[in-house]
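Architecture and fold: a report
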Protein chains: 2
Amino acid sequence: MDKGFLGTNVITQIGIIVRDIDKVSQSYADFFGIEKPKWFWTDTVDVARTEFKGASSEARAKLAFLDCGQLQVELIEPDEHPSTWREFLDEQGEGVHHIAFVIKGMKEKIAVLEANQMPLIQRGEYTGGRYAYMDTFKELKVMVELLENDN
Amino acid sequence: MDKGFLGTNVITQIGIIVRDIDKVSQSYADFFGIEKPKWFWTDTVDVARTEFKGASSEARAKLAFLDCGQLQVELIEPDEHPSTWREFLDEQGEGVHHIAFVIKGMKEKIAVLEANQMPLIQRGEYTGGRYAYMDTFKELKVMVELLENDN
């Protein structure tokens, strides 16, 4: 598929904000009959270069992933620093925060969405790639995350 | 996979509650560069045999589906009658309501989840199958829908 704003319609991830990643990871492991996934911290700001609403942020989160067929469930426990994760937890509580798509050409895709009234909220780097959260809630009733991997 | 409570870990659907299915369908169509999906009403209670919190309900909803790879996005616009859809819209507003799994043996799967403190919230029939919403929010931070198809 080469149409649409992203050039893909394949959802690769559902991101869920949680207060206690250890507890919720165990619940998912029990539910699926699998071993509890290990959580890890996102990189520090010097590596992640996290920007939230245009400003650098020290925000980090604990992440854990569960394979659910084509897509993964990503559990996210935010720290106290400003981020879309923290904001979601403070304003709405636990629950589904985003759906993610793997795209090519991060800069261009962000520009296309911004030109269509879906502004960038947060972005950062991870080993082997980068992410951007776009404010698509008004249109799609869920936030969209773009993921670009180098390989 | 034959472990866990459901015998599957494949998410087949993300259900999103909306106020205006016509408008949100158009937004998704624009986003993906596809034709706007047609919405339709769920069946009336005589066919759907809808039960919400143990009582028969006349609740119906407008539904529209978008293919997103392995899974579908299901847009749901509830009517005014009592349902998990209406309750979600009234209490939390628009947003992601559930993730769904296709299972076999609805009665047994409901019993397993209920025995694990995840009670049945709503169930009903559709042409060719049946569904059940289970209250998994406390454990998984999202509601789970079970779908059983006859073929």
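Up top you'll find the structure we're talking about.
Residues numbered from 1 in each chain as written. Chains lettered and ligands numbered in written order. Predicted model: local features only at pLDDT ≥ 70, side-chain atom pairs only at ≥ 80, totals over all residues. Heavy atoms only, no water.

Where charged atoms of side chains with opposite charge meet at close range, the side chains can pair. Overall, the coordinates contain 22 salt bridges over all chains when judged by the stated rule. Across the pair Glu125 of chain A and Arg130 of chain A runs a salt bridge whose closest N-O atoms are separated by 3.7 Å. Residue Asp90 of chain B is joined to Arg86 of chain B by a salt bridge in which the shortest nitrogen-to-oxygen separation is 2.9 Å. Linking Asp90 of chain B with Arg86 of chain B, this pair stays in helix H3 (residues 84-92), spanning 4 residues, or about one helical turn. In this structure Arg86 of chain B comes out as buried when scored by relative accessible area, which is 12%. Residues joined by salt bridges that share partners form a network here, namely Glu125, Arg130, Glu148 and Asp150 of chain A. (Salt bridge = Lys/Arg side-chain N within 4 Å of Asp/Glu carboxyl O. Helix = DSSP H or I, 4+ residues; strand = E, 2+ residues; numbered from the N terminus. Buried < 20%, exposed > 50% of the residue type's maximum accessible area, 1.4 Å probe, protein only.)

Take the packing of aromatic side chains next. Here the structure, examined in full by the defined rule, presents 20 aromatic pairs over all chains. Between Phe101 of chain A and Phe32 of chain B the ring centres are 5.9 Å apart and the planes differ by 65°, which places this aromatic pair in the edge-to-face class. Residue Phe101 of chain A is located in strand E7 (residues 95-102), and its partner Phe32 of chain B is located in helix H1 (residues 21-32); the two belong to separate chains. A relative accessible area of 2% means that Phe32 of chain B is categorised as buried. Through a chain of ring-to-ring contacts, the aromatic side chains of Phe5 and Phe101 of chain A together with Tyr28, Phe31 and Phe32 of chain B assemble into a single cluster. It is Lys62 of chain B that lies over the ring of Trp39 of chain B; its NZ or CZ is 4.5 Å from the centre. (Phe/Tyr/Trp six-rings, centres within 6.5 Å; stacked < 30°, edge-to-face > 60°. Lys NZ or Arg CZ within 6 Å of the ring centre and 35° of its normal.)

All names here are of chain B. As for its position among the elements, Glu148 is in strand E10 (residues 143-149). Polar contacts involving the side chain of Glu148 include one to the main-chain amide nitrogen of Gly105, which spans 2.6 Å. Within the local environment of Glu148, its side chain forms a polar contact with the backbone nitrogen of Met106, the two atoms lying 3.4 Å apart. Non-local contacts of Glu148, meaning those with residues more than four positions away in its chain, are made with Ile103, Lys104, Gly105, Met106, Tyr126, Gly128, Gly129 and Arg130. (Polar contact = N/O pair within 3.5 Å; in protein donor to acceptor, adjacent residues only side chain to side chain. Contact = heavy atoms within 4.5 Å.)

Another point: the interface of chain A and chain B. Reports of interface size often rely on the accessible area that becomes lost once the parts have come together. Taken together, the contact between chain A and chain B spans 40 residues of the former and 40 residues of the latter. For the pair chain A and chain B, the summed buried surface comes to about 3100 Å²; carbon and sulfur atoms form 71% of the total. Counting every contact that joins chain A to chain B gives 2 salt bridges. When the shortest N-O distance is used, the salt bridge between Glu94 of chain A and Lys141 of chain B registers 3.0 Å. Where chain A touches chain B, the interface holds 13 residue pairs in polar contact (both at pLDDT 80 or more). Contributing elements (two or more residues each) for the side of chain A that touches chain B: strand E1 (13-17), helix H1 (21-32), strand E5 (61-68), strand E6 (71-78), E7 and helix H5 (137-140) of chain A. A per-element tally of the side of chain A that touches chain B places H1 of chain A first, with 6 residues. Residues belonging to the side of chain A that touches chain B are distributed by class as follows: 25 nonpolar, 9 polar and 6 charged. (Buried area = accessible area lost by both parts, 1.4 Å probe. Nonpolar A, V, L, I, M, F, W, Y, C, P; charged D, E, K, R; others polar.)

With that settled, consider the sheet that holds strand E4 (residues 55-56) of chain B. Residue and element names in this part refer to chain B. Read across the sheet, 10 strands follow the order E2-E5-E6-E1-E7-E10-E9-E8-E3-E4 without closing on themselves; strand pairing throughout is mixed. Each having just a single partner strand, strand E2 (40-41) and E4 make up the two edges of the open sheet. Pairing of strand E1 (residues 13-17) with strand E7 (residues 95-102) involves 5 bridges; the strand directions are antiparallel. If you follow Ile16 over to E7, its bridge partner there is Val96. Helix-sheet contacts for H3 involve E1, strand E3 (51-52), strand E5 (61-68), strand E6 (71-78), E7, strand E8 (120-126), strand E9 (129-134) and E10, and the interaxial angle to E7 is about 150°. (Pairing = 2+ DSSP bridges. Axes fitted to C-alpha atoms, helices over the stretch in contact; angles between N-to-C directions.)

All names here are of chain A. Examined against the element boundaries, Ser83 turns out to sit in the loop between E6 and helix H3 (84-92). Distance in space between the C-alpha atoms of Ser83 and Asn149 is 22 Å, their sequence separation being 66 residues. In contact with Ser83, not counting residues within four places along its chain, are Phe52, Ala59 and Gln122.

All names here are of chain A. Pairing in this open sheet of 10 strands is mixed, and the strands run E2-E5-E6-E1-E7-E10-E9-E8-E3-E4 from one edge to the other. Looking along the sheet, the strands with just one partner apiece sit at the ends: strand E2 (40-41) and strand E4 (55-56). Each of E1, strand E3 (51-52), E5, E6, E7, strand E8 (120-126), strand E9 (129-134) and strand E10 (143-149) is contacted by H3, which is oriented at about 150° to E7, the strand it contacts most. The strands touched by helix H4 (residues 106-115) within the sheet are E8, E9 and E10, with E9 carrying the most contacts at an inclination of about 5°.

On to the relation of the copies chain A and chain B. Between chain A and chain B, the superposition needs a rotation of 180° and an axial shift of 0.0 Å, giving an RMSD of 0.0 Å. What the superposition gives is, in effect, a two-fold axis relating one chain to the other. When the interface residues of chain A are mapped onto chain B, 100% of them again lie at the interface, so the same face is used by both copies. (Least-squares fit on C-alpha atoms with pLDDT ≥ 70 in both.)

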